[in-house]
There are 2 protein chains.
Amino acid sequence: MAHHSASFSFTLRVRLDDRPGTFADLARSIADAGGLLGAIDLVHAGPGMKTRDVNVLATDDAHAKAIVGACRQIDGVEIEHVSDRTFQLHLGGKIEMSSKAAIETRDDLAMAYTPGVARVCEAIAQDPAEVWNLTIKRNTVAVVTDGSAVLGLGDIGPAAALPVMEGKAQLFKRFGGVDAWPICLDTKDTERIIATVEAIAPGFGGINLEDIAAPRCFEVEERLRASLDIPVFHDDQHGTAVVVLAAFLNALRVVGKRVEDVKVVVTGIGAAGVAVTETLQAAGVSHIIGADSSGTVYRGRPALTAVKQRYAEQTNPDNFVGSADEALAGADVFVGLSLPGAVSATGIRTMAADAIVFAMANPTPEVSPAEIADFAAVVATGRSDYPNQINNVLAFPGIFRGALDVRARQITEHMEVAAGHAIAATVREDELAADYIVPSVFNPAVATAVATAVAAAADEDGVARRTIDIDAEVAHLAQ
Amino acid sequence: MAHHSASFSFTLRVRLDDRPGTFADLARSIADAGGLLGAIDLVHAGPGMKTRDVNVLATDDAHAKAIVGACRQIDGVEIEHVSDRTFQLHLGGKIEMSSKAAIETRDDLAMAYTPGVARVCEAIAQDPAEVWNLTIKRNTVAVVTDGSAVLGLGDIGPAAALPVMEGKAQLFKRFGGVDAWPICLDTKDTERIIATVEAIAPGFGGINLEDIAAPRCFEVEERLRASLDIPVFHDDQHGTAVVVLAAFLNALRVVGKRVEDVKVVVTGIGAAGVAVTETLQAAGVSHIIGADSSGTVYRGRPALTAVKQRYAEQTNPDNFVGSADEALAGADVFVGLSLPGAVSATGIRTMAADAIVFAMANPTPEVSPAEIADFAAVVATGRSDYPNQINNVLAFPGIFRGALDVRARQITEHMEVAAGHAIAATVREDELAADYIVPSVFNPAVATAVATAVAAAADEDGVARRTIDIDAEVAHLAQ
């Protein structure tokens, strides 16, 4: 079903003859072309004419063009200008740097800059831990990418990836109160990525790796976690894993199954698939089978990469050999992090009763939710136009909020599992339903709950530099 | 003379018995201890007592402590808390990341992030020049340091340097409307600095190098200028040079001498000294003699570094050999970028009539302005408590504003000289005086004038990616 989206919306600036029916003709043409009418503003009223801005939602680029074409045919309506709302929003970038205090007088200058700032520098030079009190490090995260695996677009390079990183920074601030800044790297060399992030680390309280292709992302993250004393977190791996865990826990609540009893099949053994598997295991799942385009990953399979070799050793307890569809027989949960068609509706129908299906390929799920609606008990996707959207925004802002609040040295598996449980717990028992297993991204309780759980887990794991009065610290997140 | 500074100000929270005279006693004690009273706020009034916050300016740390000690002796006055205003200002850092547009609805998310952002990324992938339209690159500068030559503090490292870089970012925004973000490098290795800046360049429209020690700073800047297609500018070199040029031009206007006629002596042949010399030469000065702690730099002097060897070849036309003081005989202008005592008042008195003295060592000038007040026609320093402060804030915000506005590939010597002339020209003929050769840092005309001149020069030099309607573009800077 075609889906009208603000991401394909545009503003028509139209000059309408001032007689009854011109706007009705315009509205009818937009409707006949399948466009959805949004906000309408009067720009100018002159003798015998009116100029209006009309927002229209389309389903894709071609649809938008068709709607505009239809509107151009109307008598008495002249289209002066068409502007793409998404591009308008991006003009000049989406974020900026702001001062927390105004600099209006010589006294302001003397405190924020020379000579006053020298005493602050000296205090940090004498006690390096003071950098956490007296600078932005306390609240700042670098969003680092090499632009090699951006959304569904692939290797588009660092400059073209920048709009995503800016958006990520917006989400960090909006949902976690975290100051993030994009760092787009002009290299895809593992050693150079590592050396660069190590070099820029002093000014940041955490590193969010983003959209770095597998298998490079594994080594980059592992090496940086070892060398840096601040959290390093590849969101495509661990952010996804945390939200899948939350959805998984609540889906099991819906169908009344226990974590330790279920069989899970994962398709796509890339960055996200590996991390999801590890996090589900850390949460208590023992029976996981992974599959890629060549079928299940098993011990003894020829030509396995190092990552998949390790995966084979840690999963697939019965060493099942077969296709992804064959692996689904009797499974309780399917987690798709791969491509449309990775499994079939027929395969899904061989799963155990009360099947849980997470088909997260974007924008087209592994299997059509409509085709399995009569069979699966719970279905989730990565899309906002279906129920149960698995969206990383539920995880990363709260995870970094909690990690920064306790000045964590790293983000442990335990902290990730705690985050997953915290997200799941924000859906109350009386709200929980097959089509409501994850909270809304705009639920203000989520980031607070995640931050609290992550901070507590960091403390338990001994990676917190300080303990905090968590209730007081995260109170400002509640809105 | 001791100078009361906001940078040594503190807030006393005092509990005063509610009877006539307690506040008078407090104010008298502060005055007797030499403290200057600032703002006074009533915090709380209770039975028989009042709590007030009293701001006090001191001249240095020891003085502040002495004032507090004196206040503790007063009957009926209890000091509850003393807080350092400069440190208070720095708590948690001075800058933050802000979104330009709110994210409050799913439509907002769909345009700023997935799925809408994908079309913007694709547009940049197809036409790389679009990164200048559709991202923050258009207005963003990295403030990069290795923390090796911070203010007068020296090599305090990247973390302790962060407060200065945050302050710099504030000044970039306040005076130039530029979004700057601190990048503090955990390396002092020339190759690693260069490789790191090259790697992070795609997300920035310019690189402001800051507080990097000589001679490393020369190679870092030169190599980055060659390899990057965005402006690279070491402010300690070129920002200083531009403001010195502006002060120099106006000082010559005051005394009625011509650029091409004057003899200039520079002490301190480090980052700033070399750049100032080159910029003065580019502006038409032919007779410059440089001196370091070993005396004048001349062709044939033993054991010259590569930088000073080149300096010797390009300066000192008569190949004068002697001390800095000896070089001053008959000179028209002295430019000190060195240390207190680098020249003597006796040496200054051997200069030509209408001597111009820029003694910019901080916080103590090369020679005391008071000692030469009866001789020199114009005196400037780096301090805000004397007339004619040579302050880089006059240059870098406007220089980057202009460079970003035309998407300059680099900042040329011509652009720097143009900036110097533009700063000088903001002091009108009827304002110009021996104690007013540079405008106030808060003069809003400065950045606009500098940006306009720099953009025009970039266009002339063929380093502008676009020409602009400069009047319209910089109009928003005027306040």
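Since this is a predicted model, take the numbers as computed values, not measurements.

> Would you mind going over the packing of aromatic side chains with me for this structure?
For any pair of aromatic rings, the description rests on two quantities: the centre-to-centre distance and the angle between the ring planes. Summed over all chains, the structure comprises nine aromatic pairs over all chains. With centroids separated by 4.7 Å and ring planes inclined at 5°, the aromatic side chains of Trp 181 of chain A and Trp 181 of chain B adopt a geometry described as stacked. Taken together, the residues span two chains, with Trp 181 of chain A in strand S7 (residues 179–184) and Trp 181 of chain B in strand S7 (residues 179–184). You can call Trp 181 of chain B buried: its relative accessible area is 0%. On the basis of an interplanar angle of 55° and a centroid distance of 5.8 Å, the ring pair of Phe 175 of chain B and Phe 442 of chain B is categorised as tilted. Residue Phe 175 of chain B is found in helix H7 (residues 157–176), and its partner Phe 442 of chain B is found in the loop between helix H17 (413–425) and helix H18 (445–461); the two are separated by 267 residues along the sequence. A residue is classified by how much of its surface remains accessible, and Phe 175 of chain B, at 10% relative accessible area, is buried.

> So what exactly am I meant to see when it comes to unusual backbone geometry here?
Residues apart from glycine generally show negative phi values, whereas peptide bonds are mostly found in trans. With an omega of 0°, the peptide bond running from Thr 114 of chain B to Pro 115 of chain B counts as cis. Looking along the chain, the bond that leaves Asn 362 of chain B and enters Pro 363 of chain B is cis, with omega of -5°. Inspection of the secondary structure assignment puts Pro 363 of chain B in the loop between strand S14 (356–359) and helix H15 (369–372). A positive phi angle, near 60°, is found at Asp 354 of chain A, a position not held by glycine. Turning to its location among the elements, Asp 354 of chain A is positioned in the loop between helix H14 (345–348) and strand S14 (356–359). For Asp 354 of chain A, a relative accessible area of 39% gives the class partly exposed. With a phi close to 55°, Arg 407 of chain B is a non-glycine residue in the positive phi region. One can find Arg 407 of chain B in the loop between helix H16 (396–405) and H17.

> Just checking my understanding: could you explain the relation of the copies chain A and chain B for this structure?
Between chain A and chain B, which share one sequence, the superposing operator has a rotation angle of 180° and an axial displacement of 0.0 Å; the RMSD is 0.1 Å. Classification of the inter-copy transformation places it as that of a two-fold axis. A shared interface surface links the copies, since 100% of the contact residues of chain A are contact residues in chain B too.

Cut-offs applied
Residues numbered from 1 in each chain as written. Chains lettered and ligands numbered in written order. Predicted model: local features only at pLDDT ≥ 70, side-chain atom pairs only at ≥ 80, totals over all residues. Heavy atoms only, no water. Phe/Tyr/Trp six-rings, centres within 6.5 Å; stacked < 30°, edge-to-face > 60°. Helix = DSSP H or I, 4+ residues; strand = E, 2+ residues; numbered from the N terminus. Buried < 20%, exposed > 50% of the residue type's maximum accessible area, 1.4 Å probe, protein only. Least-squares fit on C-alpha atoms with pLDDT ≥ 70 in both. Contact = heavy atoms within 4.5 Å.

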